[in-house]
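# Observations on chain architecture
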Amino acid sequence: MYKDRIRIYRSVIESGLETEKNGYCVYWMQQAQRIHYNHALSYGIALANKFKLKLVVYFGLTTSYPEANMRHYTFMMEGLAEVMTELEGLGIGWVMADASPDEGIIPLLSQAQMLIMDKGYLPIQRQWRKKVAEQALVSQVSGIYEVETDLIVPIEKAHEKEAYAARTIRPRIMKQLHDYATPVQMDEVTMKWARTDEEIVKTMYPMFKGTQGFNWLEYLENSPVNKEVPRSDLYHGGYSEALANLDHFFIHGLSHYDESNTPAKDYTSKMSLYLHFGQIASLEIYHRLLDYANANAVPQSSMDGFIEQLIVRRELAFNYCYYRSGFDRFETMTYGWAYETMEEHKYDDRPIIYSLDNLERYETHDIYWNASMKEMVETGYMHNYMRMYWCKKIIEWTSNHKTAYEWAIYLNNKYFIDGRDANSYTGVAWCFGLHDHGWKERPIFGKLRYMNDKGLNRKFDMQAYIDRVNLMVDGDSFASNEGQQELDL
């Protein structure tokens, strides 16, 4: 179950327990904000039971996480509220510090016999873990472990370097999928967390409130969290919400997954929202998918298509952000041929230029783009196919490619619930040639893949998409194409 998932900084087997500490087994939860299918939590329970220690889960709630706002924090706290309740029922402690995770954990390390961390993939997460591991070594923590749990095939086993495209990583992942897609077993906790333990924690964390009486919404309202973007009224966080959405998708969307690119249809799973915060594991989704398919007639093409997105494309995105230095900067996010073609078309005439404010207010001539931006701003989500069109039009309507990239990332991270994610950075970079190849040369785009409204109209019922967005946001529909201009460069 833990094969190739554990990085050992210090082994308790070799070092022995610190005899001067009573201590706890501490699991720092960050990437995997869940109970179920969590290898790190499961390993923490196993270690705590083996060495007769109580287990406490620590979470550092930094209110200044880069680019995060009320929409993101609300979704996250809806999930953490469930985690708190479940942990209490399992006899596991909970400590949430109002601090950057790497700073807030320091007092608890003085009482820690063992530290377990879930693996993070983005630079800030890796920096945090390096700092905490170093501090734990100084604090004489007896066992220090990092456990990978958010990818099915561990990232360094899937590929030892950046994969050029899906076709180069797909066979590696599928070949190893059976070996790593094993269920996660979780033992019962033998040493239960008690109120006396909370009293000890209060001496380290004066603001500690435990799981009882914690009003997380009030906490966020009174915190310095960026409140520029409000919480979504349509999408709510948490494991139970993830399962409800997944069940709905299995019943209503899975058999039609071949049509999931159709913007007018609601055939997508919405799992990216929950996967972003680690509220559900891709491994659990995969197992539930297999169980559902075994009991129901699901077209093989739908199964293959969903697995491609859930596992191959998602793990390709993490591979990109893990191995590519500067994945989040225009100068270093894509391939040489893409930079060459953008440079060649740097000074092309751009007939229509919009300001960032125009874009945020979805005030363009393109009613399809406006609908997609409206969906994004008002709900925190956008249909997957429209995300590609959305970004391609930003390239077309800005003064240069660098500005287009930076605005796309800014808007993506600001409004999407699943923004600031490996999939987000990879998706935007794809629009600038990443994991793609050269196409017919055009003004502005050069050899970058091009998309236009005529293509949307040819493939889809776009008025139905507009109506669906307006129904979601306003409760009504808009049934006119008048005033739309065509821009076919």
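Note that this is a predicted model, so its numbers are computed, not measured. (Residues numbered from 1 in each chain as written. Predicted model: local features only at pLDDT ≥ 70, side-chain atom pairs only at ≥ 80, totals over all residues. Heavy atoms only, no water.)

## Let's talk about the pairing of strand β4 (residues 93–97)
Burial analysis of β4 places five of its five residues in the buried class, the great majority of the element. Burial along β4 is two-sided: G93, V95 and A97 facing one way and W94 and M96 facing the other are all buried. Handedness of the strand β3 (residues 55–60)-helix α3 (residues 70–90)-β4 crossover: right-handed. (Buried < 20%, exposed > 50% of the residue type's maximum accessible area, 1.4 Å probe, protein only. Helix = DSSP H or I, 4+ residues; strand = E, 2+ residues; numbered from the N terminus. Right-handed = clockwise from strand over helix to strand, strands pointing away.)

## Concerning the packing of helix α13 (residues 282–295) against helix α14 (residues 300–323)
Interhelical geometry of α13 versus α14 gives an angle of 170° and a closest axis separation of 11 Å. With respect to α14, the element α13 is oriented roughly antiparallel. Between α13 and α14, the residues in contact are S282, I285, Y286, L289, L290 and A293 and M303, F306, I307, L310, I311 and R314, respectively. (Axes fitted to C-alpha atoms, helices over the stretch in contact; angles between N-to-C directions. Parallel < 35°, antiparallel > 145°, perpendicular 65-115°, else oblique. Contact = heavy atoms within 4.5 Å.)

## Describing empty space enclosed by the protein
Applying the stated rule across the entire model yields four cavities of 30 Å³ or more. Of the volumes computed, that of the largest cavity is approximately 390 Å³. Lining the largest cavity are 25 residues, and of these Q30, Y65, Q125, H276 and R420 sit closest to its centre. When residues of the lining of the largest cavity are traced back to their parent elements, those giving at least two are β3, α3, α6 (123–138), α12 (271–276) and α14. Take the lining of the largest cavity: its biggest share by element is three residues, from α3. Its residues assigned to classes, the lining of the largest cavity comprises 13 nonpolar, nine polar and three charged. The volume enclosed by the second largest cavity comes to roughly 50 Å³. Lining the second largest cavity are Q33, R34, I35, H36, G79, E82, V83, E86, G238, Y239 and Q279. For the lining of the second largest cavity, the element with the most residues is α3, which contributes four residues. Broken down by class, the residue content of the lining of the second largest cavity amounts to three nonpolar, five polar and three charged. (1 Å grid on protein atoms, 1.4 Å probe; cavity = no way out; pocket = protein on both sides within 12 Å on 5 of 7 lines; lining within 4 Å. Points joined across faces, edges and corners; volume = space filled by probe spheres on them. Nonpolar A, V, L, I, M, F, W, Y, C, P; charged D, E, K, R; others polar.)

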